[in-house]
Every structure is written in structure tokens, then in C-alpha cells.
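A look at the structure
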Amino acid sequence: VRMESLAFGGDGVARHEGRVVFVPFTAPGELVEIRILHDKKNFVRAEVVRVVEPAPGRVEPRCPVFGRCGGCQYQHLAYDTQVSAKSSQVRETLQRLGGVSPDLVAAVVPSPAPWSYRNRISVHVEQGQVGFRGLDNRSLVEVSRCHIASDAVNAKLAALRSAPGRDGTYSLREDGVNPQGFAQCNAGAAALLRECAVRAAGQGERLFEGFCGSGFFTELLASAFREIAACDSDERLIRQAPRLPGVRWHCLLAELLYHKEAAPVVFLDPPRDGLPEAMTEAILRKPPTRLVYVSCNPATLARDAKRLAQSLRVVSVTPFDLFPQTAHIECVAVLELGRG
Ligand SMILES: C[S@@+](CC[C@H](N)C(=O)[O-])C[C@H]1O[C@@H](n2cnc3c(N)ncnc32)[C@H](O)[C@@H]1O
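Fair warning: this is a prediction, and the values are worked out from it, not measured in the lab. Chains are numbered independently. Their residues run from 1 in the order of the written sequence. Residue-level local features of this predicted model are given only where pLDDT is at least 70; pairs of side-chain atoms are given and counted only at 80 or more, and the full residue set underlies all totals for whole chains, interfaces and linings. As a rule here, side-chain values come from all non-hydrogen atoms in the structure, and water together with hydrogens is ignored.

**What to know about the sheet that holds strand 10 (residues 204-210)**
- A pair of strands is considered paired only if DSSP assigns at least 2 bridges between the two. Numbered from the N terminus, helices here are DSSP runs of H or I no shorter than four residues, and strands are runs of E no shorter than two. Strand order in the open sheet made by the seven strands is 12-11-10-13-14-16-15, with mixed pairing throughout. For this open sheet the edge positions go to strand 12 (247-251) and strand 15 (312-320), each flanked by a neighbour on one side alone. Going across the sheet, the axis of each strand differs from the next one's by a mean of 15°, ignoring polarity.
- Bridge count between strand 15 and strand 16 (residues 330-337): eight bridges; the pairing is antiparallel. Its bridge partner being in strand 16, Val317 is matched across the sheet by Ala333. Axes here refer to lines fitted to C-alpha atoms; in helices the fit is confined to the stretch in contact. Angles between the N-to-C directions go from 0 to 180 degrees.

**What about the environment of Arg19?**
- Summarising the element assignment, Arg19 is placed in strand 3 (residues 19-23).
- For Arg19 and Arg339, which are 320 residues apart along the polypeptide, the C-alpha to C-alpha distance reads 37 Å.
- What qualifies as a polar contact is a pair of N or O atoms within 3.5 Å, subject to a donor-acceptor requirement within protein and to the restriction that residues adjacent in sequence count only when both atoms come from side chains. A distance of 2.8 Å separates the side chain of Arg19 from the side chain of Asp39, its partner in a polar contact.

**Structural notes on the packing of aromatic side chains**
- Each pair of aromatic rings taken from Phe, Tyr and Trp, with Trp reduced to its six-membered ring, is defined by centres within 6.5 Å and is described as stacked if the planes are under 30 degrees apart, edge-to-face if over 60, and tilted in the remaining cases. Across all of its chains, the model carries five aromatic pairs by this definition.
- With centroids separated by 5.8 Å and ring planes inclined at 70°, the aromatic side chains of Phe22 and Phe43 adopt a geometry described as edge-to-face. Note that Phe22 is positioned in strand 3 and Phe43 in strand 5 (residues 43-53), a separation of 21 residues in sequence.
- Note on exposure labels: buried denotes an accessible area under 20% of the residue type's maximum, exposed denotes more than 50%, and partly exposed covers the range between, all computed with a 1.4 Å probe on protein chains only. Judged by relative accessible area, Phe22 falls into the partly exposed class, the value being 22%.

**Thoughts on the nonpolar core**
- The set of buried Ala, Val, Leu, Ile, Met, Phe, Trp, Tyr and Cys residues whose side-chain atoms join them within 4.5 Å is what this entry labels a nonpolar core. Val123, Ala201, Leu207, Phe217, Leu221, Ile228 and Phe267 are the most contacted members of the largest nonpolar core, which has 50 residues in total.
- Looking at which element gives the most residues to this core, the answer is helix 3 (residues 187-201), with eight residues.
- Not counting residues up to four positions away in its chain, the partners in contact with Val123 are Val130, Gly131, Phe132, Leu157, Leu160, Gly168, Thr169, Tyr170 and Leu172.
- Formed by 31 residues, the second largest nonpolar core is a distinct cluster that contains Cys231, Ala254, Met279 and Leu291. Working rule for contacts: check all heavy atoms of both residues, and any pair within 4.5 Å makes them a contact.

**Some remarks on the layout of surface pockets**
- Site definitions follow a grid-based scheme: protein atoms alone, a 1 Å grid, a 1.4 Å probe that fits but cannot get out for cavities, and for pockets an open set with protein on both sides within 12 Å along at least five of seven lines, plus lining residues having an atom within 4 Å of a point. Grid points are joined across faces, edges and corners, and a volume is the space filled by probe spheres set on the points. In this model, the second largest pocket occupies a volume close to 300 Å³.
- The wall of the second largest pocket is formed by 16 residues, among which Leu6, Ala7, Phe8, Gln89 and Glu92 lie closest to the centre.
- Elements that contribute at least two residues to the lining of the second largest pocket include exactly strand 1 (5-6), strand 3 and helix 1 (79-98).
- Broken down by element, the lining of the second largest pocket gets its largest block of residues, seven residues, from helix 1.
- Only Asp, Glu, Lys and Arg are considered charged, only Ala, Val, Leu, Ile, Met, Phe, Trp, Tyr, Cys and Pro nonpolar, and every remaining residue, Gly among them, polar. Classifying every residue of the lining of the second largest pocket by side-chain character gives 10 nonpolar, four polar and two charged.

Here it is in C-alpha cells:
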């Protein structure tokens with residue numbers, strides 16, 4: 001089959017005899033010989049047996065366990081090919097599931113570093129072997145070096161490999177890195193995303209922030225707004241949040257606090273599942289003039305934009321590549337009062 005595109009999640013897409021064929025670890029444009037793994041009514045899942053005509057965007061993966069380890073999906077693609085594939089995925093997903101015009105979606109902002117960017121990884125120790133979960137999410141794939149982790153993290157990995165200790169999960173991180181939160185994955189790219197999202201919120205009297213964690217965004221928002229009600233459902237994270245002038249921290253569900261603390265500007269950074277339905281309903285009852293929505297899943301962002309469209313319209317979406325070599329995509333969406 002001739003590969004056409006890369007779907008959100010990382011699988012290559014081709015068409016054969018009227019059916020869609022999903023083939024991971026392929027590049028758009030190339031001709032591949034495949035072996036069918038699952039033959040379903042509407043689609044086929046397959047694996048590559050041989051690349052007959054490689055695409056110009058194909059490169060040699062750096063990691064010897066690429067294709068077996070569950071961590072990376074895109075090491076076989078040049079970095080600019082990864083970034084342009086992610087731009088298409090966000091446009092396509094937002095249009096198909098959210099009715100958002102592709103013209104409102106900016107190109108993906110690349111990570112300052114496509115390799116060695118992670119300042120924290122989690123590894124598993126099993127019977128003296130150290131590694132990541134495999135593609136099946138169960139088996140252990142032994143790793144001696146992780147190319148998306150920084151040198152300091154890899155030094156800790158080497159130390160653990162030389163004395164693995166008890167079975168379990170270990171968080172390996174650079175000195176001074178907090179185990180939770182955004183900045184703790186890719187500090188350079190996270191700083192760009194934070195700057196964009198906080199700038200989009202503008203400035204004013206009152207802001208409601210839901211899903212605030214330990215205040216990664218709040219720290220900057222606090223100098224632009226006089227009063228902020230910030231909440232997260234995780235008590236440990238709220239306890240770690242810094243004291244900031246004008247900020248009241250709540251350990252509460254955003255959908256419960258919003259009824260009392262609705263504000264003209266709302267800033268949200270929900271988990272992969274997106275906004276709980278009760279949260280979109282609460283927002284629709286008291287819509288803000290501006291909503292900044294930081295998302296780690298374009299599919300749930302699209303669904304929520306559609307749910308909110310009766311009061312709020314999307315004015316811009318800027319995707320960021322916080323996780324090069326993987327299929328993850330973060331987005332900053334800005335919505336304003338008015339019908340979508
Ligand atoms: C994507 S994280 C964002 C964390 C934070 N903004 C940061 O940058 O570190 C999502 C957060 O939402 C919290 N959470 C999940 N459901 C929630 C809810 N219904 N209300 C409030 N917080 C919630 C989680 O505890 C988690 O910290």
C-alpha cells in the first residue's frame with residue numbers, strides 16, 4: 001500500500017479496496033509491503049514487512065528498541081516531518097470533531113530540542129532488568145539509554161542499571177526537578193507554551209483557573225490579574241502551590257467551584273479526558289468573555305469546543321510539540337464570547 005498520512009496517535013493511514021489500512025511506523029508517501037494483523041469490517045490493522053519506496057521524511061531511528069518500546073512513535077521521521085504531520089492532525093481533528101475552521105489553527109510550534117529534552121522519566125525494574133513498558137503496555141523493554149531524556153537523567157538510569165534494587169517503578173529526574181507538572185517534562189517547550197497561554201489570558205480584575213496543579217500557569221497569571229480563584233482536585237498538588245498575592249487556592253472540583261467563582265476570564269488545563277460535562281454546563285450557564293483552554297488531547301478539545309459553541313467561539317488554536325519523537329500534542333485554544 002501507498003501510505004497517505006499519519007493519524008492522531010501515530011498510525012500511518014492508507015486505503016486499499018475501499019477500506020482504511022492502519023500501519024504504525026510508516027511515513028506519508030511511502031510504498032510499503034504489509035502483513036495484516038486484524039481484518040475488521042471497515043478497516044485493517046497491519047505491520048510493515050518491508051519499505052519498498054521510502055518517503056523523503058524517513059530517517060534511521062536513533063534508539064535500538066524503537067518499534068518495541070511503548071514510549072516513542074516517530075523516531076523514523078525527520079523532525080520537520082513530525083511537526084508538519086502534527087499540524088495536519090490538529091487541523092483535521094478539530095475540524096472533524098469540533099467544527100473548527102482549519103484557518104484558525106496555527107502551525108505546530110516545535111520544541112527547542114527534539115532530543116534529550118526530558119528532565120524526568122519513569123522506569124520499571126523487574127527481576128534486575130530496567131526499562132519501559134512495551135507496545136503491549138505490559139512487557140518490559142530493557143533500555144540502556146533513552147534518547148529523549150537528558151544526559152543527567154541518563155546518568156541516573158545508568159546508576160540504576162548497575163544496582164537495580166527491588167522490583168517497582170522509579171522516577172529518575174534531574175536534581176531539583178519536582179516529580180509533578182508540565183515543566184518537568186520538557187522545560188524549554190513548556191516555557192513557550194506557558195508564555196503563549198498566559199499572554200492569551202490578557203490582564204484584568206478577576207480570573208478563574210481550573211485544573212491548576214501546583215500553579216505552573218498561576219505563577220505568571222498572578223502578575224496580570226488582581227484576584228485569582230485557582231483549583232485542583234489533588235490535595236497534594238494544592239499543598240505544594242506557592243503563596244502568591246491575590247491567589248486563593250482551592251482543593252475542589254472545577255465544576256463545583258465555578259458556580260461561585262465564575263469570572264470574566266477563565267483559564268483551564270484539564271487532563272486527557274477533557275472537561276467534565278458538568279464543567280461545560282457550568283460555563284454555558286455563566287460564559288466568560290474569554291476562555292483559555294490548554295489541552296493535551298486535540299480530540300477532547302474538539303469535543304469541548306463543540307459543546308461550548310452555543311456561547312463561545314474558537315478564535316485561535318496554537319499547537320506545541322512538547323514531546324518530540326512521540327505522538328503527543330499540546331494545544332492552547334482561545335475562545336471568546338459569541339456564537340461558534
Ligand atoms: C493536565 S493537569 C494540569 C496541571 C497544571 N496546570 C500544570 O501545568 O502542572 C490536570 C490537573 O487537573 C486536576 N483535575 C482533574 N480533574 C479535575 C476536576 N474535575 N477539577 C479540578 N481539577 C481536576 C488533576 O489533579 C491535574 O492536576
